[in-house]
Every structure is written in C-alpha cells, then in structure tokens.
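A closer look at the structure
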Amino acid sequence: MPISRLDPRTKILILIFIGILVITLDSVTSLLCCFLVGIGLIILSFPTWLQYRLLFLFILFSTWGLIYSQAIFYNASPRTVLFTLVGRDIPIIGTMTGGVHVYREGLLHGAIQSLRFNTTLTIGCFIVWSTQPRDLLLAFVKLRVPYSLAFMVTTSLRYIPLIATESRNVILSQRLRGFRYFQSNPRRVIRDLLNSLRPILINNIRRATHLGETVESRAFSPEMVGKQRTSLRTLNMQPQDKVLLAAGIFAVLGVITLKALYFCYANGIYYAHWMRGVYTFVREIL
Amino acid sequence: MSQIEIRDVSFTYPSRSEPSLKRVKAEVKCGEFILLTGPTGCGKSTLLRTLNGLIPQASGGLLSGDVTIDDSNLSDHPLASICQSVGLLFQNPGDQFFCTVVEDEIAFGLENLGVPSFRIDSRIDAALAQVELPPEFRIRSISTLSGGEKQRVALACLCAMRPRVLLLDEPTSHLDPKSRRDILNILGQLNREDGMTVVIGTHRVTEIAPLCDRVWLMNCGELALDLPVNQAFSDLDPYRDLGVEVPDLAEVSEQWGLSERPITVDQAEKLFLQSNRLSSTSPSSSEVSEYIGHEHSHQGAQSVLASIEDMTFQYPRAASSALRRISCEISEGEIIAVMGANGAGKTTLLLSILGLLRPTIGKILIKGVNGTRLKLHNLAGQIGIVFQDPDLLLQASTVLDEVAYGPGNLKLSHREIHERTTEVLTALDLDSLRNEAPFSLSRGQRQRTATAAAYSLLPDVLLLDEPTAGQDFSHLQQLMTALCASVEEQNKTLIFCTHDAQLTLQYAKRILLLRKGELIFDGQPMDAFSNPELLEDASLVAPLRTQLSWRLANN
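Residues numbered from 1 in each chain as written. Chains lettered and ligands numbered in written order. Predicted model: local features only at pLDDT ≥ 70, side-chain atom pairs only at ≥ 80, totals over all residues.

1. Some words on the overall build of chain A
- The helix and strand tally for chain A stands at 11 helices and two strands.
- Seen in sequence order, chain A has helices and strands lined up from the N terminus as α-α-α-β-α-β-α-α-α-α-α-α-α.
- Relative to the globule expectation of 19 Å for 286 residues, the C-alpha radius of gyration of chain A, 25 Å, shows a markedly less compact shape.
- Dimensions of chain A along its principal axes, counting C-alpha atoms only, are 65 × 60 × 35 Å.
- Burial status across chain A gives 26% buried among its 286 residues.
- Contacts in chain A between residues at least 24 apart in sequence constitute 75% of all its contacts with a sequence separation of at least 6. (Helix = DSSP H or I, 4+ residues; strand = E, 2+ residues; numbered from the N terminus. Rg over C-alpha atoms; globule rule 2.2 N^0.38 Å. Buried ≥ 20, exposed ≤ 12 C-beta atoms within 10 Å, placed from the backbone. Contact = placed C-beta atoms within 7 Å.)

Here it is as structure tokens:
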C-alpha cells in the first residue's frame, strides 16, 4: 500500500510522536535519524520536483539561519572559539561587542535546533502533500479538533495555490510598470514591495467574506456542527496504520523511559549497575 | 398565491449612512422566473442577499420591513433553516468552493443539515442529474473543472438541498457563451419542470429575458420597474437612462420603427417578415450589415510589433498542449479580440505575447527580439497587461498615484509625468476620481483605474484579459470607447480576450478564434460572425441580431 494511503490520523499522530521525540532527544545522531525518517516518508509519497525543490530551499535556509545565528550568538559556557569574524581590537564593532566569534558549541547547538525544526517541517510537508484536504478534515474532526477550526485549516490549504498565483500576478503587473528589484533607491524598493501586499491582502479579505457568505448559505453554523452534523465519508484504520501507531507509541515511551532512567542516574536518584550499558547508550546516542 | 413577499424593505449596511435598499415592495408567485437588473451598485446583490437571510443575519446592518417566503417571515428563522427553502448562487464559481472533490462539495450542505449518510449519496446523484452532469463527476477534483462545470457543480450544491426558491447573482458573467447557454437551459428546466422559483440578478438582459416572466429594474436601491416581460421592454428609455443593457432584438425593432419589442429570434423573425420594412425577398447584404453593424475597414500594412512563429506551448504536467502551432503577426494600430471557450488558450496566448511562457516549440519575436530573453521591467512602455481581476494591479493610495506610478518608473520628467497622467485620466473619465483611494471605488471604476495605470506607460501593445467580467453595460462601453479612441489616435495596439460577441463586433478590427489551443480563424470579425459553423466550432454564440440576419437571409 502506498504510504500516502495511510489513514490521515496515523500521519498526524506520527507527526505528534516525532514532535515529542525531537524535543526529548538531544544528540545530533538520534535527531539525524528522526530527520531521515521524515525524508524517507517524503520520498515514499512521491512528491513532484517542484515540491522537492521547495522543501530543499526551506531546509537550506532554516539550517543556514539557525546554525549561523547560534554559532555567533551562543552565550552558554563552556564555549570554544573556532575562529574570529571581528576582532576585539577592531574599532566600534569590536570594542562594543568584545569581538564577534564563531563558537564550536554554538555550531553544534545550531545543528541540533535545525534538525529539530527540519524534522517537523519535513513530516508536516509529508502530511500536507500526501493527504487530500477532505481526509485531513475528517482526521481533525475524529481527533476532536473543533470542526470550525479544522474546516478553517483545510479550506485555507485549498486557497494557497490561488494566493500564490495572485501574488505572482501582482509582482508581474508591477514589473511591467517598470518596477525593478535592483535599483539605486532601496527605500523605493521596500515601499513598492510593501504596496504590492495591499491588493493581495484586500483580495483575501474579500474572498474570506465571500466564503463566509457561501458557507452560511449552505447551512453551516458553528452551533449546529457538534449536535447534528453527519458525514458522507468515514475513516477506517487499516492493520498497517495500527502497526505504525504501535511502533510510534513504543518508540516514544521507550525514549522517555530511557531518558528518565538516565536523569535519575545523573542526579543520583537511582543507579543500577546492570544498566550501565543503557546509561552509555542514552548519553552517546540519545 | 405569492411565494415571496417583500414588504417595504429598507436596508443600511453597518458602515454606511445611506440605505442600499429603499422601501422595496414586490411579490413573486410560485414558479415565476424574475430577471433583476440595474446598474452596478443599484442594490441587486443586496436584495438577493436579503431574500436568503444573509442580510441582516450574517451582514449586520439595519433592516426594516419584512421578507416572507411561503408566508414565513425570514427574521423568525436561522440562516441554516432558510437555506432549505432558498438557495443563493454567487457570481464567481471559483470563490464558492471549500472542498477539493465534487461529491464533498455537494454533500457539505446536506451534512450541515444532518441528512443521514445513506441519503446524502442518492441526493448527490440526483443533484448532478439535475444539472446534467454524469455520476462520474462525483469524484472529479474541483481544480480540474472548467468555469462552466464549476458553476454547474455550484448549482448542484444548491439543488441537493432542494430549495423551492433559487436566487442567482450574476451566475454567467465568468462563463463562455456555450457554458452560459448550458447554465441557462438548466435554469429554465429547473423552473419549468421542477417548479423552482428563480430570481436572477444580472447585467445580461438580452440573454436572460427570453427565459423570464417578469422584469425588475432597480436604481439607487429602489425598484424602479416591475412588469411582466411582455410589457417590460415596450419602452427602452428607462434602461438606457440607467446604462443598462437593452434586449438586442428589441433595440433592432425600435431602430426599424416597429411597435412591438421582440426578445427572441423567433419573435423577431415573425415580426420582421410580417412588417413591410423589409423586402419580401432576402435582405441585401448592406441591410444585413446594418443589422450586425460595425464593419471595420482593414488597415494597410503597418510595422510588425510581435510575431508568433509556429508556437506550441504545454504547461508542466499537463496532458495536452495549451497552444498548438500558432502563427500570426501583430502589427501597430490593431485592435484584436481573442475569443474561444473557457480553456481554449486565450490567457496563455496573452502571457506568451508577454514573453512569460517559453514556447515548447516555435518562438515569439517582440520587435524582432526573442520574447523570453527580454527582462520584464524592460518591457515597461512596450507591453502592458490588465488581468481579469483588475485589483491585482492596484497598489497606490490614490488614483492619481496609481496612474503616475508607471511613468515615474520610466524616469520621465515631472512635467511629462503630469501631462501623461492628466491625459490618461481625462481619456478614461477618471479625472473626478483622481484623489480617491482605488479600492474604495466601484468594480467598473477600479477596472478603468487599472486600465489607466497600465495605459499611462503608453505601451505599444496593451493586453486586456476579459475586460467584460463583472462589468455593467454602460461602464464597459465607456471603457472600451475611450480606450479604443485613444489607442487609434496614438497608433497603439490593443488585444483583448472576451466572450462578448457584441463587444468584438463593436470594437475589434481583427479576431483570433481559438479552439483547444488551435488558432482556427484569424481575420475580420464580420467574416467570423457570418459563419455559423465556425462559431459552433469555437463554442461561440452569435449575437441575436446576427442570428436574426441569418434567418432573414434564409427567408
């Protein structure tokens, strides 16, 4: 069975499990494993090249931003200077900041943070790209998300391509009226770019008002939803969904238990000699 | 017995001081078909929203008077319950869907009403049958539907809820002629066979009049006229005074000095044959031309601005080509209409002329240079475009700033910018609105502002994508008349995509007819509209006066 046919509830719960894991884990190795699971899910859902490109750009920019900023602004101790960008004897910036350095621990911390962020991002993309919005809506409702909220989220997904096209046309119209990204007056560039948000924003407000009217004209009412709303389709969990969920629960509970045992050992609360291997595993891998 | 009663209804929107409806009184009998028309902003949409309870229940505002449906006052019922008696279909098919699959969309209202799942299934099938769509449409993705199919699905969504009254707000304005004809046929059937009462708000009087029983003409929130259809057009002046379209054939009969005002080709043919105004034999070609009107002389050789050479274009992941082996040249001083059904490739052709789409095969030369190699900002002053949604072009705080933005980017002197802005504002009748915020204007005024903003760069070629969508008759005439006059005077080129045959006959000197990406005709509009087979091939419908001329010629 293609992985995209998994029950959407399973996909959402996998995201939640991995979300818990990436918070609990704090070594580059284990977080890299979680990230690779996310990449594997993406590959198995056969996205388009455009989606691959989009994901690659997201990952590239977030990794660069997080690692770079953490490497420079890391202020915990100990910290080891790898190299110096601005020496402390350089006038103004150097004397004011005491020097701008790249720290080894900062790089590592940035890598961990970016792996956490990119893992959840990747699995989020997997869910959105491999699930019909209608199935996502049903899954949210089954997971007891308020219907109005679930409906709002899934409807907004449908309008993302339209908003992207409109944004492209706004920029296109501006460029055909002589707007240049690169010109001698950056204030003008910023002003024009901000102005280009105006039609996009106003169109979206109009569309939202219009959609609201349409929804109400089709008997939608937040008060009635919980009481009598029926559904044309229902979701049924297949055996493979149950296996995946069981594996997910096992992984989350396992990691939390191991971490708790290590916490007890590290804080002198409980120590068992026969668990030395476990302590080493948690310290080195998890 | 009256099914809908509107008693002294006045309504003021929350943010306004002036009422949008003023003491409206009317009655609709069960099974009647009402044509509701009037200029933009006259209150048509407000009245329709009042009839299904959206006003004031969803909008807020101050409503006085009563609206009753089947003797039941709407103010006594929540919106969710009114939906079961009254369905409202909106103008833009793309903006009224929230699901991705047809069956989910149709089921949405039924699910909200708490209809059991096993009944929803059968009601979806029945609703699809009512709008003449096959059951296979249930699992079609909404994004793959054409404009006409979307509007049918939207209608099916309402039919599934089995309303007794159907309200429609400009349901055909975004559709091509064939889809419009299909939708109107379905509405006629729902009215005649299923007994649904229909109230349709529209600018397209010629098209809807043959279906309707009564005509309501609105002006400034008041019901200026409420007459049975056979009396409604005996005097056309009230419509003309308000800038509302008058039925084409009624106008022809008035021009010919006949007393009756036909609204269908059958009526007109009978009337003309009975009258002595035409010879008993076939009318001469000049008489037929006079009916059709607006024959344009073809201009002599002009320098070529754009040349499309054997171009094929296919969108990524599309099953077939959007444009196939198109070859044509566009010269200075031309006014060209691009026509064809929805999805025929009209907008793709415009975007190709802009150099935005790289041809899969063939090439486009703009002034001898490969179009895809030109930088967009370098095209400023050479090519301008106004999209179907004019709002995408508006970004300044005032109309004046909007129009001056382009010339400012061209680094013209202040004096030149001022002169050019004033000239364009005057030409498009926007001078009085120069200090208004563009988004506070009416749809027609926004369209003119967007066109003025693109035209102020005095581009060699101006492209308009569907300038007719959502425009009323007088605004459209005003825009096109001013623009064409200015384009001719400056020896510029205007290319517009449209479904409106009358607009093409009136303004275009040349027509490009597209069918499924192929250019099937390139010539004078008169030649195209004299060829019924060609029009059928391009899914176009000739104006009624043209159809009449064919009939008379055959007699």
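Okay, back to it.
2. Some remarks on the sheet that holds strand β1 (residues 2–12) of chain B
Residues and elements named next belong to chain B.
- One open sheet holds the four strands; their spatial order is β2-β1-β4-β5, and the pairing between them is antiparallel. Looking at strand neighbours, the two that pair on one side only are β2 (21–29) and β5 (72–73), the edges of this open sheet.
- Two elements, β1 and strand β4 (residues 62–69), share seven bridges in a ladder whose sense is antiparallel. Following the sheet pairing, I4 is matched in β4 by I69. (Pairing = 2+ DSSP bridges.)

3. Some words on the packing of helix α10 (residues 239–266) of chain A against helix α11 (residues 276–284) of chain A
Residue and element names in this part refer to chain A.
- In the contact formed by α10 and α11, the axes pass within 10 Å of each other and the chain directions differ by 105 degrees. Between α10 and α11, the angle falls in the class roughly perpendicular. From α10, L258, K259, L261, Y262 and Y265 reach across to α11, where they touch V278, Y279, V282 and R283. (Axes fitted to C-alpha atoms, helices over the stretch in contact; angles between N-to-C directions. Parallel < 35°, antiparallel > 145°, perpendicular 65-115°, else oblique.)

4. Quick notes on the interface of chain B and chain A
- Of the residues lining the interface, 50 residues belong to chain B; the matching set on chain A comes to 41 residues.
- Residue assignment for the side of chain B that touches chain A shows that the elements contributing at least two residues are α3 (79–82), α4 (102–112), α5 (117–130), α15 (376–379), β16 (383–386) and α16 (399–409) of chain B.
- Considering every element that reaches the side of chain B that touches chain A, the biggest residue donor is α4(B), with seven residues.
- Taken together, the residues that form the side of chain B that touches chain A break down as 33 nonpolar, 12 polar and five charged. (Nonpolar A, V, L, I, M, F, W, Y, C, P; charged D, E, K, R; others polar.)

5. Considering the sheet that holds strand β8 (residues 197–201) of chain B
Residue and element names in this part refer to chain B.
- Strand order in the open sheet formed by six strands is β6-β7-β8-β3-β9-β10, and the pairing between neighbours is mixed. The open sheet is flanked by β6 (86–89) and β10 (222–228), the only strands paired with a single partner. Going across the sheet, the axis of each strand differs from the next one's by a mean of 15 degrees, ignoring polarity.
- Sheet topology places β6 next to strand β7 (residues 165–169); four bridges connect them, and they run parallel. Its bridge partner being in β7, G87 is matched across the sheet by L166.
- In the packing of helix α1 (residues 44–51) onto the sheet, the strands contacted are β3 (33–37), β6, β7, β8 and β9 (214–219), and the crossing angle to β8 comes to about 150 degrees.

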